[in-house]
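A closer look at the structure
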Amino acid sequence: MFPSRNAPASRAIQQGVTMSKIYPDAIAALDGVLSDNMLVAAGGFGLCGIPERLLDAIRDSGVTGLTFASNNAGIDNEGIGKLLRTRQVKRMISSYVGENKEFERQFLSGELEVEFCPQGTLAERMRAGGAGVPGFYTKTGVGTQVAEGKEHKDFPDPDGVMSTYILERGIFADLAIVKAYKADETGNLIFRKTARNFNQPAATCGRVCVAEVEEIVPAGALEADEIHLPGVFVNRLVLGAPYDKKIEFRTTRERESA
């Protein structure tokens with residue numbers, strides 16, 4: 001059995017201790033939870049919804065040998081790309097690695113271990129970890145390099161036709177770092193539009209989850225139906241605003257004369 005991810009907080013509540021989840025900055029929010037060779041689940045999709053303040057704090061901490069489970073590795077010197085530049089990442093579990101020359105260089109030179117994982121499978125591996133599910137079977141990747149070294153098993157489909165599936169493991173991360181639009185003081189989170197992406201499943205699969213947000217409101221200020229992630233999954237909060245909206249590709253055209 002896996003230990004309760006919120007056991008310390010539960011004990012504090014039983015003892016009548018009020019614990020604030022809000023920290024003054026990203027460095028303080030990560031104090032005591034970082035170590036070399038840990039597995040980090042990171043939200044974000046490209047540069048959309050990435051926990052950039054927390055990534056900067058991880059870089060500045062100097063921890064090394066990290067494994068990141070993330071949809072991608074950012075771009076050169078943005079997102080996880082900053083940690084690739086400083087050689088703090090040992091291994092990537094990701095779906096897409098384009099637009100990152102340093103990633104390409106390290107991978108081709110054998111400096112970086114890479115486990116490519118189909119995007120939907122990666123999201124489900126995080127969700128499974130958050131739900132305490134150690135593994136699941138999927139048809140995605142059967143007959144490709146993705147399936148090499150994995151358990152294969154045949155199951156009948158709804159029409160009774162046997163199909164081959166491969167076993168994928170749930171991700172149980174040491175730390176989850178995510179970015180949200182709004183939080184209340186208890187850690188309930190709202191994500192904004194497409195920035196929801198991998199943030200929600202990543203948040204659930206970490207033994208400790210630290211979230212950076214654009215706005216923090218008093219407890220009770222959020223409508224229950226608005227909340228995308230319950231505060232029980234979030235251990236620490238930091239206000240990261242203001243943010244600059246970064247664009248991966250900027251396409252422009254000359255203005256036509258009137």
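One structure accompanies this document, and this report is about it. (Residues numbered from 1 in each chain as written. Predicted model: local features only at pLDDT ≥ 70, side-chain atom pairs only at ≥ 80, totals over all residues. Heavy atoms only, no water.)

Points about the overall build of the chain
Inclusion rule: Helix and strand definitions follow DSSP, with helices as H or I runs of at least four residues and strands as E runs of at least two, each counted in order from the N terminus. Here the globule rule is a power law, 2.2 Å times the number of residues to the power 0.38, and the radius of gyration is based on C-alpha atoms. Between buried and exposed lies partly exposed: a residue is buried under 20% and exposed over 50% of the maximum accessible area for its type, with that area taken using a 1.4 Å probe on protein chains only. For this analysis, residues touch if any pair of their heavy atoms sits within 4.5 Å. To be clear on the numbers: accessible area is Shrake-Rupley with a 1.4 Å probe, and residue cover counts the displayed protein chains and nothing else. Neither His nor the chain termini are counted; the positive set is Lys and Arg, and the negative set is Asp and Glu. Note that the charge is assigned to NZ on lysines, CZ on arginines, CG on aspartates and CD on glutamates.
A count of helical and extended segments in the chain gives seven helices and 12 strands. A compact globule built from 258 residues should have a C-alpha radius of gyration of about 18 Å, and the chain, at 20 Å, falls within 12% of that. For the chain, the spread of C-alpha atoms along the principal axes amounts to about 65 × 55 × 45 Å. A total of 258 residues make up the chain; the buried ones form 43% of that total. Put simply, 73% of the contacts in the chain that link residues at least 6 apart link residues at least 24 apart. Approximately 13800 Å² of the chain is accessible, and the part contributed by carbon and sulfur atoms is 51%. Counting 30 positive and 34 negative side-chain charges, the chain places the centres of these two groups 1 Å from one another.

Focus: a nonpolar patch on the surface
Note the cut-off: Residues enter patches when they are more than 30% accessible in relative terms and free of salt bridges; like-charged ones are connected within 9 Å and nonpolar ones (Val, Leu, Ile, Met, Phe, Trp, Tyr) within 5 Å. Any carboxyl oxygen of Asp or Glu that lies within 4 Å of a side-chain nitrogen of Lys or Arg is treated as forming a salt bridge with it.
A cluster of nonpolar side chains, namely Phe107, Leu108 and Phe116, defines an oily patch on the protein surface of about 310 Å² accessible area. Relative to the elements of secondary structure, Phe116 occurs in strand E5 (residues 113–116). The exposure class of Phe116 is partly exposed, given its relative accessible area of 38%.

Looking at the packing of aromatic side chains
Worth spelling out the cut-off: Note on ring pairs: Phe, Tyr and Trp rings are taken, using the six-membered ring of Trp, and paired if centres are within 6.5 Å. Classes follow the plane angle, with under 30 degrees stacked, over 60 edge-to-face and the rest tilted.
Within the structure shown, the criterion is met by three aromatic pairs. Aromatic pair Phe107 and Phe116: ring centres 6.0 Å apart, planes at 85 degrees, arrangement edge-to-face. Note on Tyr137 and Phe155: the rings are 5.1 Å apart at their centroids and 65 degrees apart in plane angle, and the pair reads as edge-to-face. Taken together, the residues span a long stretch of sequence, with Tyr137 in strand E6 (residues 135–138) and Phe155 in strand E7 (residues 152–156) at a distance of 18 residues. Residue Tyr137 is classed as partly exposed on the basis of its relative accessible area of 29%.

Remarks on the nonpolar core
One recurring pattern in soluble globular proteins: nonpolar side chains tend to sit buried together. We apply this condition: Note on terminology: a nonpolar core comprises buried Ala, Val, Leu, Ile, Met, Phe, Trp, Tyr and Cys residues joined through side-chain atoms within 4.5 Å.
If you look at the biggest cluster of nonpolar residues, it comprises 26 residues, and the most contacted ones within it are Leu30, Ile58, Phe68, Val89, Met92, Leu175 and Ile177. Within the residue set of this core, elements represented by two or more residues are helix H2 (26–29), strand E2 (39–42), helix H3 (52–61), strand E3 (66–69), helix H4 (81–85), strand E4 (89–94) and strand E9 (173–184). Tallying contributions element by element places H3 first for this core, with four residues. Not counting residues up to four positions away in its chain, the partners in contact with Val89 are Leu66, Phe68, Ile80, Leu83, Leu84 and Leu112. Residues Ile93, Met126, Ala180 and Ala183 belong to the second largest nonpolar core, which totals 25 residues.

Remarks on the pattern of salt bridges
Counted by the stated rule, this structure contains 17 salt bridges. The salt bridge partner of Arg53 is Glu52, with a shortest N-O separation of 3.4 Å. The partner of Glu102 in a salt bridge is Arg85, and the shortest N-O contact between them spans 3.9 Å. You can see Glu102 sitting in helix H5 (residues 101–108) and its partner Arg85 sitting in helix H4, a full 17 residues away along the chain. Judged by its relative accessible area of 41%, Arg85 is partly exposed. Residues participating in the shared-partner salt-bridge network are Asp76, Arg85, Arg87, Glu102, Arg105 and Glu111.

Some details on the side chain of Thr67
Topologically, Thr67 is positioned in strand E3. Look at Thr67 and you get buried, because its relative accessible area is 8%. Among all residues touching Thr67, those that are not within four sequence positions of it are Met38, Leu39, Val40, Lys90, Arg91 and Ile93.

Digging into helix H6 (residues 119–130)
Spelled out, the test is: For a helix, the expected span equals 1.5 Å multiplied by the residue count minus one. The directions considered for the arc are those from the helix axis to the C-beta atoms.
Over its 12 residues, H6 runs 17 Å from end to end, which matches the ideal 16 Å to within 8%, given 1.5 Å per residue. Regarding H6, the residues found buried are Thr121, Leu122, Arg125, Met126, Ala128 and Gly129. Take H6 and look down its axis: the buried residues cluster within an arc of 160 degrees, on one side only. At its buried positions, H6 is contacted by E3, E4, E5, E6, strand E8 (162–169) and helix H7 (199–204). At the C-terminal side of H6, Gly132 shows a positive phi close to 80 degrees.

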